[in-house]
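Architecture and fold: a report
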Amino acid sequence: MPTAPPIRLVLVEDHAMVAEAIGMALARTPDIDVVAKAGSIAGALADTSRCQPDVVVLDRRLPDGDGILAIEQLSALAPRARVLVLTAEATASVAARVVAAGGAGLVVKSSRLGDLESAVREVAAGGVVFAPGLLPGVLARLTGRAGHVGSALTARERETLLLLAEGASTYEISERMGVTRNTARNHVQHVLEKLGARSKLEAVAFARRDGLLD
């Protein structure tokens, strides 16, 4: 019986030490061939177009943007490629964004390298990889059972989001809401987490995209 060709993989990770560790681990597996490494979205697009991989392991946070926003472009450049997102935080909102963008899975960076290898094989075979605890939230968001993306925001968090959209600083938020700076900071952090954003500006951008500020 002929041996199946190795899984051709493009690795996209901007932290050199992390990329080296992942690359070395994957290089030891005979059924996975790392054909290119990139440290940015621009590099990922170029390498994916050139190499036509089976799998793209894509860091979510890259110097030139949010990796999730690049999934559609990557898929257009290499239609057979499955995109597996690496993230420091695995929440239902982030996972839902990955699925909605056409991604095949989400792997937490703190996972064992063996888990990453298994995830690569799974998505290459046509499967999807998400932590079991995330699936109910992902399905709820994608089918509408959870309502609007912002339905998980509390009244105070919605108020915080509106103030962020006005350009208010954490200090100004605390003053206008009549809470301590620590409480205001916590509200801001919760808004970012629930929207799957990494900065205040990104949270506002996602909120505008999803109609939360209409």
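Note: the structure precedes this text.
Overview of the structure. Being a predicted model, the structure only gives us computed values, none of them experimental. (Residues numbered from 1 in each chain as written. Predicted model: local features only at pLDDT ≥ 70, side-chain atom pairs only at ≥ 80, totals over all residues. Heavy atoms only, no water.)

**Observations concerning the pairing of strand S2 (residues 32-38)**
With 6 bridges joining them, strand S1 (residues 7-12) and S2 adopt parallel strand pairing. Considered in S2, the bridge of Val12 is made with Ala38. Following the backbone out of S1, through helix H1 (residues 16-27) and into the adjacent parallel S2, one traces a crossover that is right-handed. (Pairing = 2+ DSSP bridges. Helix = DSSP H or I, 4+ residues; strand = E, 2+ residues; numbered from the N terminus. Right-handed = clockwise from strand over helix to strand, strands pointing away.)

**Comments concerning the sheet that holds strand S3 (residues 55-59)**
Taking strand neighbours across the sheet as the criterion, the 5 strands line up as S2-S1-S3-S6-S7 in an open arrangement whose pairing is parallel. The sheet terminates laterally at S2 and strand S7 (105-108), the two strands that pair on one side only. Across the sheet, the mean angle separating the axes of adjacent strands is 25 degrees when strand polarity is ignored. The sheet contact formed by strand S6 (residues 82-87) and S7 spans 4 bridges and is parallel. Across the sheet, residue Leu84 finds its bridge partner in S7, namely Gly105. (Axes fitted to C-alpha atoms, helices over the stretch in contact; angles between N-to-C directions.)

**Considering the pattern of salt bridges**
Counted under the stated rule, the structure contains 11 salt bridges. Residue Asp47 pairs with Arg50 through a salt bridge whose shortest N-O separation is 2.9 Å. Here Asp47 and its partner Arg50 are both found in helix H2 (residues 41-51), 3 residues apart, which amounts to about one turn of the helix. One network of salt bridges, in which partners are shared, links Glu13, Asp59 and Lys109. (Salt bridge = Lys/Arg side-chain N within 4 Å of Asp/Glu carboxyl O.)

From the geometry alone we can't say anything about function, so treat these as descriptive.
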